[in-house]
Number of protein chains: 2
Amino acid sequence: MRVLKYAILGLLDKGSLSGYDMTSRFKAELGQFWSAKHSQIYPELKKLTDEGFIEFKTVIQGSKLEKKMYSITLEGKRELHEWLTAFKPVPDTVKDEFMLKAYFISAMDLEEAKALFADQLSKRKEKAAFLKKKLEELKEEAGQSISFRSPHFGHYLLLTRALERENGYCSWLLAALEMLADDQPPA
Amino acid sequence: MRVLKYAILGLLDKGSLSGYDMTSRFKAELGQFWSAKHSQIYPELKKLTDEGFIEFKTVIQGSKLEKKMYSITLEGKRELHEWLTAFKPVPDTVKDEFMLKAYFISAMDLEEAKALFADQLSKRKEKAAFLKKKLEELKEEAGQSISFRSPHFGHYLLLTRALERENGYCSWLLAALEMLADDQPPA
DNA sequence: TAGTGCATGTAACACGTTACATGATTCA
DNA sequence: TGAATCATGTAACGTGTTACATGCACTA
């Protein structure tokens, strides 16, 4: 369904960007929920240009370095809007390698399972703390309350969801670790 | 990192299965966190057999229909165990197309955003209800309390995590919808 | 006997990552 | 002047989906 196509259109709808800029965006905030490497972005930009959804102007940076600043066309805006407002089913599978290990927990012994879950909890806690800090920075930057009209609303939604996701994972890991701690070894 | 390889080894560690059986498992419980189509499974089974991690016996079903019952080798068990107990970093990106739309919310008008979020909430609620029912069925089937020693523990972990995941998504959607409802249109 | 499910496989294509390849700019 | 960052592209490979292809078993 070419989601990268829409990710690019959405980014360009907020303003002109180079391919390099997009790569950076995927590494930053947006990266919690979508990402792509430059090797995938550049060919997609070419394709979208050919299809007429975006266009570019070559800009000289410094004295020689060329970069292509892309912007969205009217056709592109229409295409983006159509995707945005379309209802889609919830995906059946959201892949999670750690949960696959959890499903196979019976192939580990108790101490190994405890170590695995404890490691995961510490890493998830760290990520949650990082996201919490990001959210506090955003709230400070945005000043008063963030609402639908705020230019930061999209970013706010992203961060609150990512934080909720990590916190939920931590709660579950903690509950699982408690069950492991309660284990009664067979006599 | 060939995660499908380990998913297959993990499934076979619990008992012999045909390729068809594995496809069914991915459609059922395990499918919340990992899945693969038969077109990907069959070549992987061949590869794992060549590598010596699994082996098969051809069984006749009925009078003619042949099926290959795979089982894990000692080498395969060692390989599985190594993967299971290895600590890995939390992935930077867990892709979520809906969250990409949420990030681009400013390209929609208020009514469109409300409709999109309301649709997603109703679908997520439905999925949460389905998972809750599955969890209750498991608890009933397992009888007394489920612990590390229970053969259902892996399944229990999977279901509780999947349910927590959907419930968390619902809470966030509800909070977002409240913010959209509170919108003060500019005079 | 027709439809659904069981059972296995390959081919073509789409999506994604790693590696290869090059060069300019900025700042310490 | 060396390192990090800006900037763009292609090639090879790995993963994942859809479509093509076939045939048996069960049951309504």
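Going by the annotation in an unreviewed UniProt entry, the name recorded for chain A is PadR family transcriptional regulator, with Bacillus swezeyi given as the source organism.

Think of a pair of aromatic rings as described by two things: how far the centres are apart, and how the planes are tilted against each other in angle. Under the criterion given, the structure shown has 18 aromatic pairs over all chains. Relative to A:F117, the ring of A:F98 has its centre 5.2 Å away and its plane inclined at 65°; by these criteria the two rings are edge-to-face. Of this pair, A:F98 sits in helix α5 (residues 97–103) while A:F117 is found in helix α6 (residues 110–142), placing the two residues 19 residues apart along the sequence. Measuring from centroid to centroid gives 6.3 Å for A:F98 and A:Y169, while their planes differ by 65°, and the two rings are edge-to-face. Remark: A:Y169 occurs in helix α7 (residues 153–181) and A:F98 occurs in helix α5; sequence separation between them is 71 residues. By relative accessible area, A:F98 is classed as buried at 8%. Ring-pair connections join several aromatic residues into one group, and the members of that group are A:F98, A:F117, A:Y169 and A:W172. Across from the ring centre of B:Y169, 3.9 Å away, lies the NZ or CZ of A:R161, which sits over that ring.

Checked against the element boundaries, B:G31 lands in the loop between α2 (19–27) and α3 (38–51). Judged by its relative accessible area of 6%, B:G31 falls in the buried class. In this structure, the C-alpha to C-alpha distance between B:G31 and B:L158, residues 127 residues apart in sequence, is 9.9 Å. Every residue in contact with B:G31, bar those within four places of it in the chain, is listed here: A:D92, A:T93, B:R25 and B:F26.

The next subject is the protein's contact with DNA strand C. Contacts to DNA strand C come from 24 residues, most closely from A:S39, A:Q40, A:S63, B:Y20 and B:K68. Per the 4 Å cut-off to the protein, sugar and phosphate atoms form 62% of the nearby atoms of DNA strand C. A distance of 3.0 Å separates a phosphate oxygen of DNA strand C from a polar atom in the backbone of A:R2. With respect to DNA strand C, the side chain of A:S39 contributes an N or O atom lying 2.6 Å from a base oxygen. Considering each element in turn, the surface near DNA strand C owes the most residues, 4 residues, to strand β2 (residues 65–72) of chain B. Looking at side-chain class alone, the surface near DNA strand C contains 6 nonpolar, 10 polar and 8 charged residues.

Cut-off values and rules
- Residues numbered from 1 in each chain as written.
- Chains lettered and ligands numbered in written order.
- Predicted model: local features only at pLDDT ≥ 70, side-chain atom pairs only at ≥ 80, totals over all residues.
- Heavy atoms only, no water.
- Phe/Tyr/Trp six-rings, centres within 6.5 Å; stacked < 30°, edge-to-face > 60°.
- Helix = DSSP H or I, 4+ residues; strand = E, 2+ residues; numbered from the N terminus.
- Buried < 20%, exposed > 50% of the residue type's maximum accessible area, 1.4 Å probe, protein only.
- Lys NZ or Arg CZ within 6 Å of the ring centre and 35° of its normal.
- Contact = heavy atoms within 4.5 Å.
- Near = heavy atom within 4 Å.
- Polar contact = N/O pair within 3.5 Å; in protein donor to acceptor, adjacent residues only side chain to side chain.
- Nonpolar A, V, L, I, M, F, W, Y, C, P; charged D, E, K, R; others polar.

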